[in-house]
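The residues making up each chain are set out below.
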Amino acid sequence: MTLEANLSVGQVADRADVSISALHFYEKKGLIRSWRNQGNQRRYKRDVLRRIAVIKAAQKMGITLEEIKETLSTLPDQRTPTKADWQRLSRHWQRQLDEKIAYMQRLRDKVDGCIGCGCLSMQHCPIYNPDDQLAKLSSGAVLLEHPELEKDEK
């Protein structure tokens, strides 16, 4: 396996367009791995470039490093994702993105008046939260987190 691990940390950083410290961070978090050569220098297999590309793409989608690690850990032997793996991983992340998009849309639609009943509304909120009843269910922006509790405005 060491024979395949022939890219230096600098080469990987340049090719993947990440800092060396980012590579060390990814490695510390268990997202990538390296081997040490006889001179005790880190060496990476070439397929780490694809794994880093997956990490960067997921981060741009708003997926946390912990979620990325959890998802990548489903791959046998921590291998780099194949095209079929990527399709499966991306479907999983698409569901997460759909939930985040729906949350952001609810936030956008409420931002001018109601803020999801924390209850930090302008003065009083007799429509959604009379007498701050939602406080019994949860704290914070309850209606943003649980839209099924929202009353119809019809």
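What you see is a predicted model; the values in this text were computed from it and never measured. (Residues numbered from 1 in each chain as written. Predicted model: local features only at pLDDT ≥ 70, side-chain atom pairs only at ≥ 80, totals over all residues. Heavy atoms only, no water.)

K.L.:
Before we move on, can you summarise the overall build of the protein chain with the specific residues and values?
P.N.:
Each helix and strand counted, the protein chain has six helices and three strands in total. Scanning the protein chain from its N terminus toward the C terminus, one meets helices and strands in the order β-α-α-β-β-α-α-α-α. Counting only residues that meet the buried cut, the protein chain has 32% of its 154 residues in that class. Across the protein chain, contacts joining residues at least 24 apart in sequence account for 55% of those joining residues at least 6 apart. As displayed, the protein chain has an accessible area near 10,400 Å², and 51% of this comes from carbon and sulfur atoms. (Helix = DSSP H or I, 4+ residues; strand = E, 2+ residues; numbered from the N terminus. Buried < 20%, exposed > 50% of the residue type's maximum accessible area, 1.4 Å probe, protein only. Contact = heavy atoms within 4.5 Å. Areas by Shrake-Rupley, 256 points an atom, 1.4 Å probe, with all protein chains shown as cover.)

K.L.:
Report on unusual backbone geometry, specifying residues and quantitative values.
P.N.:
Phi is positive for Asp-17, close to 60°, though the residue is something other than glycine. Within the secondary structure layout, Asp-17 lies in the loop between helix H1 (9-16) and helix H2 (20-28).

K.L.:
I'd like a description of the nonpolar core, backed by residues and values.
P.N.:
For soluble globular proteins, nonpolar side chains are generally found buried alongside one another. By size, the foremost hydrophobic cluster in this structure holds 24 residues, and its most contacted members are Val-12, Leu-23, Ile-32, Tyr-44, Ile-52, Ile-68 and Leu-72. If you list the elements that add at least two residues to this core, you get H1, H2, helix H3 (48-60), helix H4 (65-72) and helix H5 (83-110). (Core = buried A, V, L, I, M, F, W, Y, C linked by side-chain atoms within 4.5 Å.)

K.L.:
Tell me about the environment of Glu-70, and name the residues and values.
P.N.:
The residue Glu-70 is located in helix H4 in this model. As for Glu-70 and Gly-30, which are separated by 40 residues in sequence, their C-alpha atoms are 9.9 Å apart.

K.L.:
Report on H2, specifying residues and quantitative values.
P.N.:
Residues Ala-22, Leu-23, Tyr-26 and Glu-27 constitute the buried set of H2. Along the axis of H2, the buried positions cluster into a sector of 140°, meaning they face one direction only. Looking at H2, the residues exposed on the side facing more than 90 degrees away from the buried face are Ser-21 and Lys-28. Elements that come into contact with the buried residues of H2 comprise H1, strand S3 (42-45), H3 and H4. Gly-30 lies just past H2 and shows a positive phi near 85°. (Arc of directions from axis to C-beta.)

K.L.:
Can you explain the packing of aromatic side chains? Please cite residues and give values.
P.N.:
The way to describe two aromatic rings as a pair is by their centre distance and the angle between their planes. Using the criterion set out here, one finds one aromatic pair in the structure. The interplanar angle of 65° and the centroid separation of 5.9 Å between the aromatic rings of Trp-86 and Trp-93 together place this pair among those described as edge-to-face. (Phe/Tyr/Trp six-rings, centres within 6.5 Å; stacked < 30°, edge-to-face > 60°.)

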